[in-house]
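Residues per chain are reported as follows:
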Amino acid sequence: MTLSLYSDEQYMREALKQARYAFEEEEIPIGAVVVLDKRIIARAYNQTEKLQDVTAHAEMLALTAAANHLGNKYLTDCTLYVTVEPCVMCAGATAWAQVRRVVYGAHEPKFGFRRHGNLLHPRAELVSGILSHESEELMREFFAQKRK
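Residues numbered from 1 in each chain as written. Predicted model: local features only at pLDDT ≥ 70, side-chain atom pairs only at ≥ 80, totals over all residues. Heavy atoms only, no water.

Those residues carrying the UniProt feature "binding site: Zn(2+)" (unreviewed entry) are His57, Cys87 and Cys90 in this numbering. For the annotated residues, spread through 34 residues, the largest C-alpha to C-alpha distance comes to 9.2 Å, consistent with a single compact locus. Non-local contacts of His57, meaning those with residues more than four positions away in its chain, are made with Asn46, Thr48, Cys87, Met89 and Cys90. A polar side-chain atom of His57 sits 3.2 Å from the main-chain carbonyl oxygen of Val54. Residue Cys87 is classed as buried on the basis of its relative accessible area of 16%. Leave out the neighbours within four places in its chain, and Cys87 touches His57, Glu59, Phe111 and Phe113. (UniProt positions renumbered as here; feature names shortened; annotations may be inferred. Contact = heavy atoms within 4.5 Å. Polar contact = N/O pair within 3.5 Å; in protein donor to acceptor, adjacent residues only side chain to side chain. Buried < 20%, exposed > 50% of the residue type's maximum accessible area, 1.4 Å probe, protein only.)

As structure tokens, then:
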């Protein structure tokens, strides 16, 4: 296993921890972390119900926390790890923040940004499928409970 892959898995496991917090709070279980220089500088999970805010997606909250941490709206040297493919809004936010790298786990066929083309910053690297099974299983379990 390469160091890069190990790092991606390590950070995605941290994003999955955030997704589990969302699950426990009956939010759609999506988690995100922002990494700079191999250090997590922001963590977040979906809080749309708790905050009654449709923009309170894990990615949006993590990007805001990272920008506050750095004192800069541009996250040009950062990597965003998120358990599920970002939506159009979140992909657009990563583009505006100039996030260098976006890594996600599970594909999102209904609302994922890739249905609409590449909405990331032109220089951004995209990596998908990291721990996708774990992310998908958490989503399946959440929606199965909602249907009971």
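Following the structure, the description resumes.
What follows deals with the sheet that holds strand β1 (residues 31-36). Spatially, 5 strands are ordered β2-β1-β3-β4-β5 in an open sheet, and the strand pairing comes out mixed. A single partner strand is all that each edge strand has here, and the edge strands are β2 (39-45) and β5 (125-128). The mean angle between the axes of side-by-side strands here comes to 15°, regardless of whether they run parallel or antiparallel. By the bridge criterion, 5 bridges tie β1 to strand β3 (residues 78-84) in an arrangement that is antiparallel. (Pairing = 2+ DSSP bridges. Helix = DSSP H or I, 4+ residues; strand = E, 2+ residues; numbered from the N terminus. Axes fitted to C-alpha atoms, helices over the stretch in contact; angles between N-to-C directions.)

Tallied over the entire structure, the rule returns 7 salt bridges. A salt bridge links Asp8 to Arg101; its shortest N-O distance comes to 2.9 Å. Here Arg101 lies in strand β4 (residues 101-106) and Asp8 lies in helix α1 (residues 3-24), a separation of 93 residues in the sequence. Close ionic contact of Arg101 with Glu125 constitutes a salt bridge, the shortest N to O distance being 3.3 Å. You can see Arg101 sitting in strand β4 and its partner Glu125 sitting in strand β5, a full 24 residues away along the chain. Look at the salt bridges and you will find they share partners, linking Asp8, Arg101 and Glu125 into a network. (Salt bridge = Lys/Arg side-chain N within 4 Å of Asp/Glu carboxyl O.)

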